[in-house]
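Coordinate inspection notes
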Amino acid sequence: QRDRNELYPIVLDLCHDAQFEVRAAACDSLPSICECLGLEITMNMVLPEILKYLTDESTLVKTSSFQSLVRISNIFGNCKKSSFAYLYYFEGKIFH
């Protein structure tokens, strides 16, 4: 548990890196971390961060964050679909 709690902030810092390649790689790693963190932490902490990167200046980062969202939804696919319903709320704020 301690390692998981320490790993997420490090990856999150990398998501804020000045280099777009580093941000994209960090976004790619988030689904694997989410498997360890569980649904609640993923929904409350990780997904809001990933949603921010959908509007990144780099197309590579945008693509990586979208692919991460798809992978995370597949990881937690056995959960109620309503767990991901709030994504539509954020989508409206980001894309409209």
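Residues numbered from 1 in each chain as written. Predicted model: local features only at pLDDT ≥ 70, side-chain atom pairs only at ≥ 80, totals over all residues. Heavy atoms only, no water.

Once that is clear, we can look at the overall build of the chain. Looking only at helices and strands, one finds five helices and zero strands in the chain. Along the chain, helices and strands appear, N-terminal first, in the series α-α-α-α-α. Taking the contacts inside the chain whose residues are at least 6 apart along the sequence as the reference set, 60% of them involve residues at least 24 apart. For the chain, the exposed surface amounts to about 6000 Å²; the carbon and sulfur share of it is 57%. (Helix = DSSP H or I, 4+ residues; strand = E, 2+ residues; numbered from the N terminus. Contact = heavy atoms within 4.5 Å. Areas by Shrake-Rupley, 256 points an atom, 1.4 Å probe, with all protein chains shown as cover.)

As a further point, take the environment of Ser64. Locating Ser64 in the fold gives a position in helix α4 (residues 59-75). Residue classification places Ser64 among the buried residues on the basis of a relative accessible area of 3%. With 36 residues separating them in the primary sequence, Ser64 and Asp28 have C-alpha atoms 5.7 Å apart. Apart from the residues within four sequence positions on either side, Ser64 is in contact with Ala24, Cys27 and Asp28. (Buried < 20%, exposed > 50% of the residue type's maximum accessible area, 1.4 Å probe, protein only.)

Moving on, we get to the packing of helix α3 (residues 39-52) against α4. The N-to-C vectors of α3 and α4 enclose an angle of 155°; their axes lie 9 Å apart at closest approach. The angle between α3 and α4 places the two elements in the roughly antiparallel class. Only Ser65, Ser68, Leu69 and Ile72 of α4 make contact with α3, whose side of the interface consists of Thr42, Leu47, Ile50 and Leu51. Here the contact of α3 with α4 is composed, by residue class, of five nonpolar, three polar and no charged. (Axes fitted to C-alpha atoms, helices over the stretch in contact; angles between N-to-C directions. Parallel < 35°, antiparallel > 145°, perpendicular 65-115°, else oblique. Nonpolar A, V, L, I, M, F, W, Y, C, P; charged D, E, K, R; others polar.)

Detailed reading of predicted coordinates is not advised where the pLDDT is low. Mean pLDDT over the chain: 79, with 75% of residues reaching 70 or higher. Ranking the elements of the chain by mean pLDDT puts helix α5 (residues 86-95) last, at 51, and helix α2 (residues 20-37) first, at 91. (pLDDT = per-residue confidence, 0-100.)

With that settled, the discussion passes to the pattern of salt bridges. Taken as a whole and assessed by the stated rule, the structure comprises two salt bridges. The partner of Asp56 in a salt bridge is Arg23, with the nearest N and O atoms 2.9 Å apart. Placement of the pair is Asp56 in the loop between α3 and α4 and Arg23 in helix α2, with a sequence separation of 33 residues. Look at Asp56 and you get buried, because its relative accessible area is 11%. Classification of Arg23 as buried rests on a relative accessible area of 7%. We note a salt bridge from Lys52 to Glu49, for which the minimum N-O separation is 3.1 Å. Taken together, the residues Lys52 and Glu49, both in helix α3 and three residues apart, mark about one turn of the helix. With relative accessibility at 14%, the residue Glu49 sits in the buried group. (Salt bridge = Lys/Arg side-chain N within 4 Å of Asp/Glu carboxyl O.)

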